[in-house]
Amino acid sequence: MNYTTLGNVCSRLSSGKSIPAKDVHEQGKYPVIGGNGLRGYTDTYNFDGSCAIIGRQGAACGNVRFHSGRAYMTEHAVVAVASSDVDSHYLAYLLSTMNLGRLSAQSAQPGLSVRTLSKQEVVLPRLDVQRRIVELLGSIDAAISLNHLTNDYLLQLMEHLYREMFAYRDQKYGSIYDIADVVYGAPFKSSLFNENGDGWPLIRIRDLSTYQPQYYTSEEHPKRTFIEPGDVVAGMDADFSPTLWLGKRAVLNQRVCEFVPPRGTAVTKSYLLCATRPLLSFIQGYATGTTVAHLGKGDLEALRVPLPREDDLLAFGNICEPMRLMIVSNSEESARLSMIRDTLLPKLMSGEIDVSKVELPTPPNNHLHEY
């Protein structure tokens, strides 16, 4: 093992550059990478290669991810490019175990400074060992990425079928309340919150995109409303469209609602997901607010949705409910794989597990692989 500092093993350790918001789009040639990951896309790039990306400020402070390829790195991302005798992907894995967020208090300004990062001690095995560890952990990450990609495709297929069957035909339209029971979360007193995992996970609007609750609440609270994996939930603000909940069983906080198929009808959760997806643009165009556009309970009346015949709903559900359940299953598998990876990570980094004794499977030849 070689003991050194991060500054000594990086050919580049510096922040990216700011980019005007008008130049960041939903689509473009190159990803725009900030401290918290993908911000959007743009038509220019300021980085080309492989690196570890360290979040500098805010909630992303100390977060580490690996990137390979061309991208526009913003000022909120510290780019760490490994020198020739260090694997950049290994460096990203190593840095992710070091709890770099703790260093923000050592900087003169809020957030992480490059100078502070450069002084951090790192311990490196031989390059061949680094690459073998990357191969092992990378195979787990590849399986997780494949699940995410499959889920994206399944969701696109569901939405395409919905448009073909309902949106492009002459339909009777009505209120969201005609096809769904809308269940609203209840406010919780802050005195009931805790961060140590006691009680039930509490889902706020900001948790809908990460499926990672920051707070928990007493399970004895009388007004709790539970959501289960695969339920259709939405935030009542302009940044959160309806989505499938893919976390663990949890409790809804205020400003979050759930769309539930009414009993005795052919409406399915997959149909509700697709029918309510326009809610995001509806909120942005219809609702009013001082800083963030949001809806009240009564405002949902104005959201018009198709009211299909029962046989069409049954046909849609027969195709799309298995897709929805597959999305949930893939997400649960990814969560298990992430737990395995996070358990292995510090043991591999410290040398507690001798990776030379791990037999990695050899991928089959493409021309011999059976489908």
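Here the structure is a predicted model, which means the values were calculated and not measured.

Asker: Outline the overall build of the protein chain, supporting the account with residue identities and numerical values.
Answerer: Helices and strands together make up the secondary structure of the protein chain, namely six helices and 18 strands. Expressed as a percentage of its 371 residues, the buried residues of the protein chain come to 45%. A sequence separation of at least 24 residues applies to 71% of the contacts in the protein chain between residues at least 6 apart. By element, 50% of the accessible surface of the protein chain is carried by carbon and sulfur atoms, the whole surface being about 20100 Å².

Asker: Can you explain helix α6 (residues 310-350)? Please cite residues and give values.
Answerer: Its 41 residues give α6 an end-to-end C-alpha distance of 59 Å, which sits within 8% of 60 Å, the value for a rise of 1.5 Å per residue. By the largest-angle criterion, Asn 318 marks the main kink of α6, which is about 35 degrees, and a proline, Pro 322, follows within four residues.

Asker: For the packing of aromatic side chains, give the residues involved together with the corresponding values.
Answerer: Scanning the entire structure with this criterion turns up nine aromatic pairs. Summarising the aromatic geometry, the rings of Tyr 211 and Trp 245 are spaced 5.3 Å apart at their centres and angled 65 degrees between planes, so their arrangement reads as edge-to-face. Of this pair, Tyr 211 sits in the loop between β11 (200-203) and β12 (215-217) while Trp 245 sits in the loop between β15 (243-244) and β16 (250-252), and the two are 34 residues apart along the sequence. Its relative accessible area of 1% is what places Trp 245 among the buried residues. Through a chain of ring-to-ring contacts, the aromatic side chains of Tyr 162, Phe 166, Tyr 271 and Phe 316 assemble into a single cluster. The residue whose ring lies beneath Arg 249 is Phe 226, and the NZ or CZ to ring-centre distance is 3.9 Å.

Asker: How would you summarise the environment of Leu 192 if you had to cite specific residues and measurements?
Answerer: Secondary-structure assignment places Leu 192 in the loop between β10 (181-184) and β11. Taking relative accessible area as the criterion, Leu 192 reaches 29% and is therefore assigned partly exposed. As a C-alpha pair, Leu 192 and Thr 217 span 25 residues in sequence and 5.4 Å in three-dimensional space.

The rules we used
Residues numbered from 1 in each chain as written. Predicted model: local features only at pLDDT ≥ 70, side-chain atom pairs only at ≥ 80, totals over all residues. Heavy atoms only, no water. Helix = DSSP H or I, 4+ residues; strand = E, 2+ residues; numbered from the N terminus. Buried < 20%, exposed > 50% of the residue type's maximum accessible area, 1.4 Å probe, protein only. Contact = heavy atoms within 4.5 Å. Areas by Shrake-Rupley, 256 points an atom, 1.4 Å probe, with all protein chains shown as cover. Expected span 1.5 Å × (residues − 1). Bend = angle between axes of the 7 residues up to and from the residue. Phe/Tyr/Trp six-rings, centres within 6.5 Å; stacked < 30°, edge-to-face > 60°. Lys NZ or Arg CZ within 6 Å of the ring centre and 35° of its normal.

Interpretation in functional terms is not warranted from these geometric data alone.
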